[in-house]
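Descriptive structure summary
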Amino acid sequence: MQKGQIKQFSQKLMHKFRNQSMFVKYFTVFFIIVFICFLILGLMLALFVTNYWSNQKAALLKENAKTVASSTSQVLSSWLQDEPRGSIVFICNNLTTVSEAIDADVFMCDMNGHVILCKELISSSLEVKANGGCSLHDTYQIPQSVLDEASKGNYFVKSTLDGTLSTQHLVAAQPVVVNGQILGFVFATEPVSLSFKEYIFNVLRMFVFASLLALAVGFVVIYLFTVNLVRPLNEMSRAAKSYATGDFSPRVHVNGTDELAELTTAFNKMAASLALQESSRRSFVANVSHELKTPMTTIGGFIDGILDGTIPPEKQDHYLEIVSTETKRLSRLVTAMLNMSKIEAGELQLQPKEFDLCQEIFNTMLNFEQLIDKKHIEVQGLDALQPTTIQADKDMLHQVIYNLIDNAVKFTENGIIRVTVSQNALDTTVTIRNTGTGISSEELSRVFERFYKVDKSRSYDVKGAGLGLYICKTIIEMHGGTIQARSAENEFAEFSFTIPNRQPKNQ
């Protein structure tokens, strides 16, 4: 397969993989990782076993070669003169016993590298064979370089001994020393391939069996883990599709405290917020529709009555005042909607300048003089106001003060409105408190939400779209201040805001 074909095949494979579900992706990746880990573990085990086997075989061959060389030296030093035949039988029997015990070929050669003693020289009856030769070892000729190295003791190599052996062997050799003189060498050899292959095969067979069992268990565990991992994502996908159709009721089950659980919790909070926003939006549309329709109908009806003469001239001024009031209410509603749009678009910018805040409060209160008199409201605190200079956006703060006073007047009948202003070196606090039905604790936490309106059944005046306090809060926070509400049911409602005396230069 050419390089281009391989690249094309890999691209198709990756494209197919990317189009799979999250479950297939996670499961495939986890399974491949586990498989690769076992493969690496198997290779490391094979390398470790190979080194371990070589070291063990080397130690075994060297130890037995040394033992045979030592016993041979003792036999030759004591029996050589008296019983040469018995010495040969004893040595060959020793070579046979050791060879069979360690499954190796142990023999002895002379100083010229010719094999002189081996297990093949004696029969099963411990008699020296008549021909005194060995068909295997008679062809051996140990190189002189090997003999020179072996004379130093503890000789071990993996070699064919310059072609003496047909295949790679593990070779250990020890000199046979009698009375300080080397008479020969004991060699212990074992083929590398035969013994090693059988040994490594047995080890790897056990490893493969254990790996398959572990992979089967891992397969089940990874499957279950992947299912549990992907389940919340599938639930979120189904819930999101429901949200797209306008149904915000589905929620995702939260299990645990990990990152996925945090994501699920955040998703559910987002759903609750969307549901609330959707409810508020629908309420807002209904409120705005009503708020626009009612004054427009009133205005249109009264103007038509004046034009067609239904309303007599002496009553026209009265109805024109109503038309003027409704027109102002329409203007305030449109202004609030425009301000909300500017806030959401980030287009509402501060234009700070120095002005007397108390004077602004006093002037704003005068706009409500007729309504205050009509509702028999007592205003307290105006006579205690002192000149209070701050640096802020005068038009925006006028809107805040106007909305707070408007709310206080709207929800007060035959009661008291108290205004207090306090200033220190850093900031200024304005508090507007009115007696009346107050606000329930459930509603108090939501009064600054966009589109939210206090329970209509508790209100003397239900006009408005639920934007005034939201805009007040936004304006105060743009100035770096805070606004809060306090209330006791059937006693009072109090709104207060605190803003810095001066705005930062980069505001």
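Here, the structure is the one placed above.
1. What to know about the layout of surface pockets
- Computed from the structure, the second largest pocket encloses a volume of approximately 280 Å³.
- Going through the elements one at a time, helix H5 (192–244) and helix H6 (259–307) are the ones with two or more residues in the lining of the second largest pocket.
- At 6 residues, the largest contribution of residues to the lining of the second largest pocket is made by H5.
- Partitioning the lining of the second largest pocket into residue classes produces 6 nonpolar, 5 polar and 3 charged.

2. Focus: the pairing of strand S11 (residues 482–488)
- As defined by bridge partners, S11 adjoins strand S12 (residues 492–500) across 7 bridges and the pair is classed as antiparallel. Among the inter-strand pairings, Arg 486 is bridged to a residue of S12, identified as Glu 494.

3. Describing unusual backbone geometry
- Phi angles above zero are rare outside glycine, and Leu 161 is one such case at about 55°.
- Here Leu 161 lies in the loop between strand S3 (155–159) and strand S4 (169–178).
- The class of Leu 161 is buried, set by a relative accessible area of 2%.
- Even without being glycine, His 376 reaches a positive phi, approximately 55°.
- Secondary-structure assignment places His 376 in the loop between helix H9 (369–374) and strand S7 (378–380).
- Take His 376: its relative accessible area is 57%, and that puts it in the exposed class.

4. Quick look at helix H10 (residues 394–410)
- Look at H10: 24 Å from first C-alpha to last across 17 residues, which is about the 24 Å you get at 1.5 Å a residue.
- In terms of burial, H10 is a largely internal element, 14 of the 17 residues being buried.

5. Points about the sheet that holds strand S5 (residues 181–191)
- Read from one edge of the open sheet, 5 strands run S2-S1-S5-S4-S3, paired in antiparallel fashion. Each having just a single partner strand, strand S2 (115–117) and S3 make up the two edges of the open sheet. Geometrically, the sheet is characterised by an average inter-axis angle of 35° between neighbouring strands, direction not taken into account.
- Where S4 meets S5, 10 bridges bridge the pair, whose relative direction is antiparallel. Bridge pairing links Ala 172 to Ala 188 in S5.

6. Concerning the packing of aromatic side chains
- Taken as a whole and assessed by the stated rule, the structure comprises 6 aromatic pairs.
- With 4.9 Å between their ring centres and 45° between their planes, Phe 368 and Tyr 402 make a pair best called tilted. Residue Phe 368 is located in the loop between helix H8 (357–366) and H9, and its partner Tyr 402 is located in helix H10; the two are separated by 34 residues in the primary sequence.
- Residue classification places Phe 368 among the buried residues on the basis of a relative accessible area of 6%.
- Measuring from centroid to centroid gives 6.1 Å for Phe 448 and Phe 495, while their planes differ by 85°, and the two rings are edge-to-face. Of this pair, Phe 448 sits in the loop between helix H11 (441–444) and helix H12 (468–478) while Phe 495 sits in strand S12, and the two are 47 residues apart along the sequence.
- For Phe 448, a relative accessible area of 14% puts it in the buried group.
- Classification of Phe 495 by relative accessible area gives buried; the value is 8%.
- Site record: aromatic cluster; members linked through ring pairs are Phe 107, Tyr 140 and Phe 187.
- Over the face of the ring belonging to Phe 492 we find Arg 433, whose NZ or CZ atom lies 3.6 Å from the ring centre.

7. Overview of the nonpolar core
- Counting residues in each nonpolar core, the largest one holds 42 residues, and the members touching the most others are Val 106, Ile 142 and Phe 187.
- Elements with a minimum of two residues in this core: helix H2 (22–79), helix H3 (84–102), strand S1 (105–109), S2, helix H4 (144–150), S4 and S5.
- With 7 residues, H2 is the single largest residue contributor to this core.
- If sequence neighbours within four positions are ignored, Ile 142 has contacts with Phe 107, Cys 109, Asn 112, Gly 113, Leu 147, Leu 161, Thr 164 and Phe 187.
- Judged by nonpolar contacts, the second largest core, of 41 residues, contains Val 400, Leu 404, Ile 471 and Ile 483.

8. Some words on the pattern of salt bridges
- With the rule as written, the count across this model stands at 9 salt bridges.
- Asp 406 is the partner of Lys 410 in a salt bridge, and the nearest nitrogen-oxygen pair spans 3.9 Å. Here Asp 406 and Lys 410 lie together in helix H10, a separation of 4 residues that amounts to about one turn.
- With a relative accessible area of 14%, Lys 410 lands in the buried category.
- The class of Asp 406 is buried, set by a relative accessible area of 18%.
- Linked by salt bridges that have partners in common, Arg 433, Arg 486 and Glu 494 make up one network.

9. Regarding the state of the cysteines
- For the structure on display, the rule yields 0 disulfides.
- Residue Cys 92 stays outside any disulfide, its sulfur separated by 6.5 Å from that of Cys 118, the closest cysteine.
- The buried category is assigned to Cys 92, whose relative accessible area is 0%.

10. A short note on the pairing of S12
- A large share of S12 lies buried, amounting to 7 of its 9 residues.
- Pairing analysis gives 9 bridges linking strand S10 (residues 427–435) to S12, with the strands arranged antiparallel. In the strand pairing of S12, Val 430 is matched with Phe 497.

11. A few points about the sheet that holds S7
- A sheet is described by the order of its strands in space; here 5 strands give the open sequence S7-S9-S10-S12-S11, paired in mixed fashion. The outermost strands of the open sheet, each flanked by one partner alone, are S7 and S11. In this sheet, neighbouring strand axes are inclined to one another by 15° on average, regardless of whether the strands run parallel or antiparallel.
- Taken strand by strand, H10 contacts strand S9 (416–423), S10 and S12, and its axis lies near 170° from that of S12.

12. Notes on the environment of Ala 485
- Here Ala 485 shows up in strand S11.
- Taking the relative accessible area as the measure of exposure, Ala 485 reaches 18% and is therefore buried.

Conventions and cut-offs
- Residues numbered from 1 in each chain as written.
- Predicted model: local features only at pLDDT ≥ 70, side-chain atom pairs only at ≥ 80, totals over all residues.
- Heavy atoms only, no water.
- 1 Å grid on protein atoms, 1.4 Å probe; cavity = no way out; pocket = protein on both sides within 12 Å on 5 of 7 lines; lining within 4 Å.
- Points joined across faces, edges and corners; volume = space filled by probe spheres on them.
- Helix = DSSP H or I, 4+ residues; strand = E, 2+ residues; numbered from the N terminus.
- Nonpolar A, V, L, I, M, F, W, Y, C, P; charged D, E, K, R; others polar.
- Pairing = 2+ DSSP bridges.
- Buried < 20%, exposed > 50% of the residue type's maximum accessible area, 1.4 Å probe, protein only.
- Expected span 1.5 Å × (residues − 1).
- Axes fitted to C-alpha atoms, helices over the stretch in contact; angles between N-to-C directions.
- Phe/Tyr/Trp six-rings, centres within 6.5 Å; stacked < 30°, edge-to-face > 60°.
- Lys NZ or Arg CZ within 6 Å of the ring centre and 35° of its normal.
- Core = buried A, V, L, I, M, F, W, Y, C linked by side-chain atoms within 4.5 Å.
- Contact = heavy atoms within 4.5 Å.
- Salt bridge = Lys/Arg side-chain N within 4 Å of Asp/Glu carboxyl O.
- Disulfide = S-S within 2.5 Å.

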